[in-house]
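Survey of secondary and tertiary structure
Listed here are the chains, written in short residue letters.
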Amino acid sequence: MSFFAPDRYFSRISAIDVQKDILGAGFTHVLLDIDNTILTRDTHEIPRDIGFWLGHARDAGLRFCLVSNNWHQGVHDLARRIDLPIVSHAMKPLPPALLRGMGKVGARRASTVMIGDQLITDVIGAHLVGVKAYLVCPLVKQDLRHTLLLRNLERAFIGHLQPEGASCEAGVPEAARAAAPTGVPGVSGGVKAAASPGAAGSAKAAHAASGPREEALCGNDSTS
Ligand SMILES: [Mg+2]
């Protein structure tokens, strides 16, 4: 792939095979975008399949650092809930924040992959620091106005590519939305809790009880 194209392109992060596509490719560390990569822009949830994927990936030994252009408190709350380090206000594609994220988790270039939903910020940012980049389709069509404008530019570079896994039009399955509350206050392993069938009910109850705090999660106007 070229500098302006992802090294792999997937329909969503849960379509990435942790063993084959990440560990098998020699990656042990992941720089991870938040908005519309793991967190829906419309309802601010981590869909159930993605929560399960994150739990599985961590159990498999992958080390993550969230790297987001978002600078609002919501992303820090999210990072705390899912127990991952974060570099916010990253100004991707500029390199400093990505390098800082790598430093936080002791990552080396050769064993690190960036996963995100934007070509301009995530893919080019990764390539600027010499890291491979996996692009995923945005979870939902809703996004910030300037991000939507950038997506028009993206199409000039990757409009011909088909993602692995499914179509970008597939979106978030209703079942995943309904069962995947991530803003579970006080549950540091929130993604694991949501991923566990036994915990899904309690997680949902916690979500229902979270009320305004959940609504505040990642409400923002940044680019990520
Ligand atoms: Mg994003």
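Our structure is the block above this text.
For the structure given in this document, a descriptive report is provided here.

Looking at helix H6 (residues 145–158)
Across its 14 residues, H6 extends 20 Å between first and last C-alpha, which sits within 8% of the 20 Å expected from 1.5 Å per residue. Buried residues are scarce in H6, accounting for 1 of its 14 residues.

Focus on the nonpolar core
One finds Leu31, Leu32, Val67 and Val113 to be the most contacted residues of the largest nonpolar core, which totals 46 residues. Broken down by element, this core gets its largest block of residues, 5 residues, from helix H2 (residues 48–59). The residues contacting Val113, other than those within four sequence positions of it, are Ile22, Phe27, Val30, Val131, Lys132, Ala133 and Tyr134.

Regarding the environment of Ala110
Its location among the elements puts Ala110 in the loop between helix H4 (95–104) and strand E5 (112–116). Judged by C-beta crowding, with 11 C-beta atoms within 10 Å, Ala110 ranks as exposed. Between the C-alpha atoms of Ala110 and Gly130, which are 20 residues apart in sequence, the distance is 8.1 Å.

Re the pairing of E5
Counting buried residues along E5, 5 of its 5 residues qualify, which places the element largely inside the surrounding structure. Pairing geometry for strand E2 (residues 29–32) and E5, over 4 bridges, is parallel. Note on E5: the bridge partner recorded for His29 is Thr112. Handedness of the crossover is the feature at issue here: the chain leaves E5, passes through helix H5 (residues 119–128), returns alongside strand E6 (residues 132–136), and the resulting connection is right-handed.

Procedures and definitions
- Residues numbered from 1 in each chain as written.
- Predicted model: local features only at pLDDT ≥ 70, side-chain atom pairs only at ≥ 80, totals over all residues.
- Helix = DSSP H or I, 4+ residues; strand = E, 2+ residues; numbered from the N terminus.
- Expected span 1.5 Å × (residues − 1).
- Buried ≥ 20, exposed ≤ 12 C-beta atoms within 10 Å, placed from the backbone.
- Core = buried A, V, L, I, M, F, W, Y, C linked by C-beta atoms within 7 Å.
- Contact = placed C-beta atoms within 7 Å.
- Pairing = 2+ DSSP bridges.
- Right-handed = clockwise from strand over helix to strand, strands pointing away.

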